[in-house]
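What follows is the residue order along each chain.
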Amino acid sequence: MLIDLAVYLRAAADVAAGRDPNVTPAGELPWLYPPAAALPYVPLTWVPFEVACVVATLVSIAALVRLLHLVLGRLGLPCGLPLVAALALLTEPVLSTLGFGQVNLVLAWLVAEGFLGRRRWLIGLAAGVKLTPLVFLLPLVLRRDW
């Protein structure tokens, strides 16, 4: 379980040791992101894997809650947050993201914070990990919303 988190941690250990995280050991899943994307995971390499799993899961859940807070606030429904968050935790995409230890919820929060919270630079930060968040800059560019 949390196999993607194991890849992130291996890459973080490589970056911390000055090695290239894109050189994948035989039989292991490859690191597919820029080396800088492994930096936030370096502190998690200092604790046992089980602790890193708990921390990464809690950070993802916190990112989901903040993301939902932003969206529900924009919709004028801030009091629905506990129910919506509980329901979201039961959906397949969220369960899979948590189960694999992926970074998707954190990236979604960064995009939402950048787009709805008007901290545009956070979209760029998310795009530094995966290119997909760059799509959210397109409406801003078209509106000339700098």
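Scroll up for the structure.
Here's a quick rundown of the structure.

Calculation notes
- Residues numbered from 1 in each chain as written.
- Predicted model: local features only at pLDDT ≥ 70, side-chain atom pairs only at ≥ 80, totals over all residues.
- Heavy atoms only, no water.
- Axes fitted to C-alpha atoms, helices over the stretch in contact; angles between N-to-C directions.
- Helix = DSSP H or I, 4+ residues; strand = E, 2+ residues; numbered from the N terminus.
- Parallel < 35°, antiparallel > 145°, perpendicular 65-115°, else oblique.
- Left-handed = near helix turned anticlockwise from the far one by under 90°.
- Contact = heavy atoms within 4.5 Å.
- Buried < 20%, exposed > 50% of the residue type's maximum accessible area, 1.4 Å probe, protein only.
- Patch = residues over 30% accessible without salt bridge, like charges linked within 9 Å, V, L, I, M, F, W, Y side chains within 5 Å.
- Areas by Shrake-Rupley, 256 points an atom, 1.4 Å probe, with all protein chains shown as cover.
- Salt bridge = Lys/Arg side-chain N within 4 Å of Asp/Glu carboxyl O.
- Nonpolar A, V, L, I, M, F, W, Y, C, P; charged D, E, K, R; others polar.

This part covers the packing of helix 2 (residues 49–75) against helix 3 (residues 81–88). Where helix 2 meets helix 3, the closest approach of the two axes is 10 Å, and the angle between their N-to-C directions is 130°. On the basis of their axis angle, the class for helix 2 and helix 3 is oblique. The two elements helix 2 and helix 3 meet at a crossing, and its hand is right-handed. Each of Leu64, Val65, Leu68, His69 and Leu72 in helix 2 lies in contact with helix 3, whose residues at this interface are Leu81, Val84, Ala85 and Ala88.

Within the secondary structure, Gly80 is located in the loop between helix 2 and helix 3. Classification of Gly80 as partly exposed rests on a relative accessible area of 23%. Considered as a pair, Gly80 and Leu68 are 12 residues apart in the sequence and their alpha carbons are 9.4 Å apart.

Attention shifts here to a nonpolar patch on the surface. Together, Trp46, Val47, Val51, Val55 and Val59 make up a nonpolar patch on the protein surface, roughly 450 Å² of accessible area in all. Within the secondary structure layout, Trp46 lies in the loop between helix 1 (3–16) and helix 2. Using a relative accessible area of 66% as the deciding quantity, one classes Trp46 as exposed.

This part is about the pattern of salt bridges. Between side chains of opposite charge, a pair can form as their charged atoms come close. For the coordinates displayed, the defined rule picks out 4 salt bridges. With a closest N to O distance of 3.0 Å, Asp14 and Arg19 form a salt bridge. Overall, the relative accessible area of 9% leaves Asp14 in the buried class. Arg19 sits in the partly exposed class, given a relative accessible area of 48%.

At a closest axis distance of 8 Å, the pairing of helix 2 and helix 5 (residues 104–115) adopts a crossing angle of 30°. Regarding the angle of helix 2 to helix 5, the classification is roughly parallel. In this structure, the crossing between helix 2 and helix 5 has a hand that is left-handed. Taken together, the residues of helix 5 that come into contact with helix 2 (itself represented by Val59, Ser60, Ala63, Leu64, Arg66, Leu67 and Leu70) are Leu105, Val106, Ala108, Trp109, Ala112 and Glu113. The residue makeup of the contact of helix 2 with helix 5, split by class, is 10 nonpolar, 1 polar and 2 charged.

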